[in-house]
There are 2 protein chains.
Amino acid sequence: MATLQDIGVSALINILTAFAFLLAFAILRIQPVNDRVYFPKWYSTGDRKSPRRSGNFVGKFVNLNITTYFTFLNWMPQALKMSESEIIDHAGLDSAVFLRIYTLGLKIFIPITIVALFILIPVNVSDGTLSFLKKDLVMSDIDKLSISNVRPNSSRFFIHIGLEYVFTIWVCFMLYKEYDNIASMRLRYLASQGRRVDQFTVVVRNIPHSSGKSVSDSVDHFFKTNHPDHYLCHQAVYDANRFAKLVRQRERLQNWLDYYQLKFERHPEKRPTCKRGFLGLCGIRVDSIEYYKQLIQNLDRRMSLEREKVINGHESILPVAFVSFNSRWGAAVCAQTQQSKNPTLWLTNWAPEPRDVYWSNLAIPFVSLTIRKLVISLSVFALVFFYMIPIAFVQSLANLEGLERVAPFLRSVIELKFIKSFLQGFLPGLALKIFLYILPTVLMIMSKIEGYISMSVLERKAAAKYYYFMLVNVFLGSIIAGTAFEQLNSFLHQSATEIPRTIGVSIPMKATFFITYIMVDGWAGIAGEILRLKSLVIYHLKNMFLVKTERDREKAMDPGSVDYPETLPSLQLYFLLGIVYAVVTPILLPFILVFFAFAYLVYRHQVINVYNQQYESVAAFWPHVHSRIIASLLISQLLLLGLLSTKKAANSTPLLVALPILTLAFHKYCKNRFEPAFRKYPLEEAMAKDLTEQAVEPNLNLKSYLGDAYLHPIFHSFEEAEEELVQVQVRVDKHQAHHSDHASPSDSGSEISSPSPSHNVPASQYQVEHNYEHNYNYQYESEHRTYYSYHYEGQP
Amino acid sequence: MATLQDIGVSALINILTAFAFLLAFAILRIQPVNDRVYFPKWYSTGDRKSPRRSGNFVGKFVNLNITTYFTFLNWMPQALKMSESEIIDHAGLDSAVFLRIYTLGLKIFIPITIVALFILIPVNVSDGTLSFLKKDLVMSDIDKLSISNVRPNSSRFFIHIGLEYVFTIWVCFMLYKEYDNIASMRLRYLASQGRRVDQFTVVVRNIPHSSGKSVSDSVDHFFKTNHPDHYLCHQAVYDANRFAKLVRQRERLQNWLDYYQLKFERHPEKRPTCKRGFLGLCGIRVDSIEYYKQLIQNLDRRMSLEREKVINGHESILPVAFVSFNSRWGAAVCAQTQQSKNPTLWLTNWAPEPRDVYWSNLAIPFVSLTIRKLVISLSVFALVFFYMIPIAFVQSLANLEGLERVAPFLRSVIELKFIKSFLQGFLPGLALKIFLYILPTVLMIMSKIEGYISMSVLERKAAAKYYYFMLVNVFLGSIIAGTAFEQLNSFLHQSATEIPRTIGVSIPMKATFFITYIMVDGWAGIAGEILRLKSLVIYHLKNMFLVKTERDREKAMDPGSVDYPETLPSLQLYFLLGIVYAVVTPILLPFILVFFAFAYLVYRHQVINVYNQQYESVAAFWPHVHSRIIASLLISQLLLLGLLSTKKAANSTPLLVALPILTLAFHKYCKNRFEPAFRKYPLEEAMAKDLTEQAVEPNLNLKSYLGDAYLHPIFHSFEEAEEELVQVQVRVDKHQAHHSDHASPSDSGSEISSPSPSHNVPASQYQVEHNYEHNYNYQYESEHRTYYSYHYEGQP
């Protein structure tokens, strides 16, 4: 049990760590050589082409302007400068709403902290049960400020109960306002968006197989019959597995070609050669460059054939299609209604943005989906409650004896006392560390198996799984000692009224632990986030060994996006801690406030300068955030009930029973009131946009606009790669010209919306109007094209 | 604890009771005087005008044909004669599907019974733990046939677990087949139906108030904007409270007029007179008939004015409207999509049939609905768990001492020993009896407060509440002694694993109780159902004192409809008992089989000959039946788990854990696969019907067809009452002519569907195409019109 002093020391250490990180960040970020690591967003929007640099050679890498070192915290006011609407334009609504979660945290907890500190701490301290107890009892100073200090059966508990009511009402009020706000922000954003293919498109799954008819024919027939006035066209989805294999093969060959070309470039006196046989070990020796060029040409021919076969052949069409309508109204109607008598066929849903589609999951049949959901739910349950079992098993293997047996030559090293003790402390934790490190990936894979068809939904589902894991293993796991499995076992053998009591009792005792947790994970962790150490190291490593051109340098820096599957759940954990401890140990609240304020600054900076979102879900994650804060309220109420019932506050406890019911009713009301805005698309809205568009562009050719927006990106990439051989020169010029076109931050605003023309987008982030304006198109470059072209440029 | 012999005696008594009822029924039903009680359905369809009677005067009342008495059970084969499709034509799909529940029971339980009896009973008997125990232990013979007889830790439990799997799979298989069947029956029925107003109509609630615009204008504007190609017209809903008051007043006056006319008719020598003043006690004496005719005329004038004011005035229009579209497709689209940005405004739903609308609930605003649902959920919870508290309170008052204090003159009677003991046994139960008798009414009122807008939904919700009550108070309440409140209390203090164990242990012991319950409630109760004693008595009483004309006689017999709110929950209780005891005490199964078979016969007879459904929900209750049978499966699995864990069958019990999970997955699959067929209307279907109709009737004037179908029935009634004074003679002739038109049982089939022209429909069952074909219309008579007109006919 920590005393106040211990906490002070811990706070000092963490504050110093955080400051060290911040200082490092402040110094590193103003070095021109790191500019791409700390400001990639500006490069991707095209606002910045090269780092600000001083004149001379050293100034290219190191900042020599001394004055900038003294204003090392000036990123903070800079981060606050941008207004919310500017952030929406700059980084999308998702990022803006993500930041609003932090301000919501501040708005909720600042008044709660003030009230709790000024009312509860005097109430708790003055009763002083604990001071009557012997000094040597295991009680910390923190406990004197908490509800533990109040005498059992005291009438002071009425104050705690009253405040729980006040806090709940306050939180609900803020949540309501915020939900209302974000719902209207979402609608405004949707209304202000320009024309987008996904507004007209619906994804249709489980198209039934009718004999003698191709999938395309039956889609055409079905929608011409049932949506005669609105159906426009559809795009089939192809099974591109074989083609993808060829693409991978071509990439490998291209790498070899690049390698030999680079070799030749460095030593122009000697043309590189290689053997044609198995693994280049036997066979005739040939000129490598010519040989690989030949191979690639052959492969390109095969790929063309395969591509033709896939796109024109009927057997590779999956029973899925993207069906487009001639109006948003038609698409909204189709997405929201049941099409066929058999509700497992012709399932319609809004199509995700093209760059948001997760292609592999499109063709999962209905029965398989049901089974997958069941299996994954069971696996998540098992993972949350039994994850310690395999880890303990691995730990039992990975001890020093095991290591010595496997690698006897290490024995002399291991036997050194210093190293031995280090390893003994380190090895058992290693398995756990590795597990926790790969956990988000595992959860994402699980979500993928579950069969969601868009990246945004996948991330939300992974976040939900991570939240359950955190709730059980971090929150409950810290309160009740023992693994989650032991908890589960003990809960199963306890009565429904006993469980909140068991947890409630230990809650005040764990306050010091959670304060430390907030400082380590929240304060220092967030400071680490802004430093981007991993990205920094990777970027410089790549820069040293791989980068040959300016474009490679851009590619070397992946700005990434806000990592929702990890960030949202931990954020929700802080809400939970704050709400649970508000009444129990209010001294914890200031630490949470500092976290929210600091994290808000850091993420604001990151959103403005670093992250580049892969997709725009228009705040679709908000209902989850809302309902988890409500869940936190419910948990806090139940635990307080349990805690009070152990305090023999029998006459005051029943007053609390109404609170969870009211909270649930509030939640239900909010769900009905606001959630449809996040799940459905009102016809009023659709019609209004249709009418506006008709007035502005009466002669729009929508069919050509939609084009093959929903063609699997792999086909796009190949198409471009072919064109490229001819157009290298032309394109480079165009490219220079286009960058300036794209400097305006209003890019995602009112004009034809398309993925921001970043140069390091992954393969899925392709152009959406490829066939619409073929020339204009060249500004959006695919990864492959970029990759190939600049190697050619690199040649003399 | 009952022995096998006790059960035999009880069975004999109940079989005799049932036979006595059947005999009474057989004798009563062939008396011409009871014909209207036992065959009202045929009267309401118009197939029968007067009882079959022998020639002479006595034969008018008593059946003198001796031979018919010997074939007294011939109603059974008769009931089976009609095929299912004939039943659908005759009584609607609801009734046909209701009967299918009984056949489903038979299909499920016949194989289960055979397997259980032939496998489990030998397994249970031969292990014989109980025979080793002392004879005087409280154990019945029944227990020797049950799982209690198996030694703890026996490997025989694998057989029980295996059979639980087999039974679950069998039940799920039958449920799947049945759901599939009923879903396609429903779709076929919907497809075969003719044009109906509700196919084109959507009810829109929560129409926002916009200043300067009437509700009608804003509805028109909204739907003309957002459904420009499909919107046809709308009907406003009027606040008819004041008008309804006038209607009630007129009815009272009419009653007085009738009374005096009857008086005058019987004593033509003396015209009745009355005083005009307060309560007829003072004032001038006037001629009663003239006076009341005058009053009615005045009132009629006031009603006309009020009616004009209501229908033309804007302030009496509620923010609800029935919006009609020019195609089923348009209506299906509107019903299934979100209209407005604010999801609590412009709420659209399929309109119920006009006769199914529950008018009073139409105008409840959204917030109020949320609150009502919360309050009613809490009340239902309280009612289910705490209903004993007020009853115990009433009981404590209603004892003999209390009675003597209130009515001292009864003391001498009460003090008689025989009467005293009778009252002491009777009084405490009286409050409970009264409570149980009014319970369905209370639950229905609760559902009405919850705010559902159609009678069919109200009945389903009341049935759900009744099911919870039965589950907790009959099933659990019988297994665990003590009130539901005590159960709740003990459950709250038991762990999650302890609860199924507590219940599981007592399950085999309660088998005899449930066998008796099945015989009393199931066998004798159903035989009582066919006897219709209450209806019989009421009918004859009315006949004696009230009936003046043939039409009054028809009105005196209300055939009623299948009482879903009571019948469905008790049916589901039998499924629960059968499924729970299939593995535990299989000897209970034959009793359930007898119940299902017998109840099937009885209800088939009743549906064919007696009941006259008020509305047609097209089997909308099936998903509830399905999910409650699934719930029964889950309950049985959990209880078996609990039971086995007390039998120390530790090595076999874990095998059972997978079963509930699989059952839940099956349920989820069924829900996704079939439930949309009951909740939504596929566009494919709508479009197909639209196209067919267009081909058949290209020049249909839909607007005039829809007319004022959704006008509050009270306005219809008044309109008709006015017309009537002129048209009495005409109509009577027409009426005779129309009856023969309507004899064909295919009436509800392919032609314009409308409520069957029954003469004793309640006020809500009004004509649906009133303004469409004004002449044809007179075959559908309203209650009021009927009532008024035949009194006039009764005059000389």
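A brief structural summary. (Residues numbered from 1 in each chain as written. Chains lettered and ligands numbered in written order. Predicted model: local features only at pLDDT ≥ 70, side-chain atom pairs only at ≥ 80, totals over all residues. Heavy atoms only, no water.)

## Overview of the relation of the copies chain A and chain B
Thought 1: At an RMSD of 0.1 Å, chain A and chain B line up after a rotation of 180 degrees and a shift of 0.0 Å along the axis. Such values leave the two copies arranged in the relation of a two-fold axis. (Least-squares fit on C-alpha atoms with pLDDT ≥ 70 in both.)

## So, the side chain of Asn124 of chain B
Thought 1: Within the element layout of this structure, Asn124 of chain B appears in helix α7 (residues 93-127).
Thought 2: Not counting residues up to four positions away in its chain, the partners in contact with Asn124 of chain B are Lys144, Leu145, Ser146, Ile147, Asn149, Val150, His160, Val584 and Pro586 of chain B. (Helix = DSSP H or I, 4+ residues; strand = E, 2+ residues; numbered from the N terminus. Contact = heavy atoms within 4.5 Å.)

## Observations concerning the pairing of strand β2 (residues 231-238) of chain B
Residues and elements named next belong to chain B.
Thought 1: Counting buried positions over the eight residues of β2 gives seven, a clear majority of the element.
Thought 2: Direction of pairing for β2 relative to strand β5 (residues 317-325): antiparallel, over a ladder of six bridges. When the bridges of β5 are listed, Tyr238 appears paired with Ile317. (Buried < 20%, exposed > 50% of the residue type's maximum accessible area, 1.4 Å probe, protein only. Pairing = 2+ DSSP bridges.)

## Concerning the interface of chain A and chain B
Thought 1: Tallying the contact residues gives 45 residues for chain A and 44 residues for chain B.
Thought 2: Across the chain A/chain B interface, buried area totals approximately 4,000 Å², and carbon plus sulfur atoms make up 66% of it.
Thought 3: Sorting the residues of chain A by area buried against chain B places Gln338, Lys341 and Glu684 of chain A first, and these three jointly supply 15% of that buried surface.
Thought 4: Between Lys341 of chain A and Glu685 of chain B there is a salt bridge whose closest N-O contact spans 3.4 Å. (Buried area = accessible area lost by both parts, 1.4 Å probe. Salt bridge = Lys/Arg side-chain N within 4 Å of Asp/Glu carboxyl O.)

## Some points on the sheet that holds β5 of chain B
All names here are of chain B.
Thought 1: Strand order in the open sheet made by the four strands is β2-β5-β1-β6, with antiparallel pairing throughout. Each having just a single partner strand, β2 and β6 (347-350) make up the two edges of the open sheet. Averaged over neighbouring strand pairs, the angle between their axes works out to 30 degrees when direction is ignored.
Thought 2: In this structure, strand β1 (residues 201-205) lies alongside β5, joined through four bridges in antiparallel fashion. Bridge assignment links Thr201 to a residue of β5, and that residue is Ser324. (Axes fitted to C-alpha atoms, helices over the stretch in contact; angles between N-to-C directions.)

## Section: the pattern of salt bridges
All names here are of chain A.
Thought 1: With the rule as written, the count across this model stands at 28 salt bridges over all chains.
Thought 2: The salt bridge involving Arg250 is made with Asp300; its shortest N-O contact spans 2.5 Å. Pair noted here: Arg250 is in helix α12 (residues 241-266) and Asp300 is in helix α13 (residues 288-312), with a separation of 50 residues, a long-range link.
Thought 3: Looking at Arg250, the relative accessible area reads 6%, which means it is buried.
Thought 4: A network of salt bridges, in which partner residues are shared, links Arg195, Arg328, Asp690, Glu693 and Glu697.

## Overview of the packing of aromatic side chains
Thought 1: Across all of its chains, the model carries 72 aromatic pairs over all chains by this definition.
Thought 2: Taken together, a centroid distance of 6.1 Å and an interplanar angle of 50 degrees make the contact between Phe435 of chain A and Phe469 of chain A tilted. Residue Phe435 of chain A is found in helix α19 (residues 417-450), and its partner Phe469 of chain A is found in helix α20 (residues 455-479); the two are separated by 34 residues along the sequence. You'll find Phe435 of chain A and Phe469 of chain A in the same group, each marked buried.
Thought 3: Residues Tyr176 of chain B and Tyr669 of chain B carry aromatic rings whose centres are separated by 6.4 Å and whose planes lie at 20 degrees to one another, so their mutual orientation is stacked. Of this pair, Tyr176 of chain B sits in helix α10 (residues 157-192) while Tyr669 of chain B sits in helix α29 (residues 658-674), placing them 493 residues apart in sequence.
Thought 4: A connected cluster of aromatic rings, assembled from ring pairs, spans Phe98, Tyr102, Phe109, Tyr564, Tyr574, Phe575, Phe595, Phe596, Tyr603 and Phe621 of chain A. (Phe/Tyr/Trp six-rings, centres within 6.5 Å; stacked < 30°, edge-to-face > 60°.)

## Notes on unusual backbone geometry
Thought 1: Its identity as a non-glycine residue notwithstanding, Ala619 of chain A has a phi of 60 degrees, on the positive side.
Thought 2: With respect to the element layout, Ala619 of chain A can be found in the loop between α27 (589-609) and α28 (622-646).
Thought 3: Despite not being glycine, Trp346 of chain B has its phi angle at roughly 50 degrees, a positive value.
Thought 4: Positionally, Trp346 of chain B belongs in the loop between α14 (328-336) and β6.

## Some points on the side chain of Glu459 of chain A
All names here are of chain A.
Thought 1: Locating Glu459 in the fold gives a position in helix α20.
Thought 2: Here Glu459 occupies a buried position and makes no salt bridge, while the nearest side chain of opposite charge, Arg460, is found at 8.1 Å.
Thought 3: Those residues within four positions of Glu459 in sequence are excluded, and the remaining contacts are Met444, Tyr564, Pro565 and Tyr615. (Lys, Arg positive; Asp, Glu negative; His and termini not counted.)

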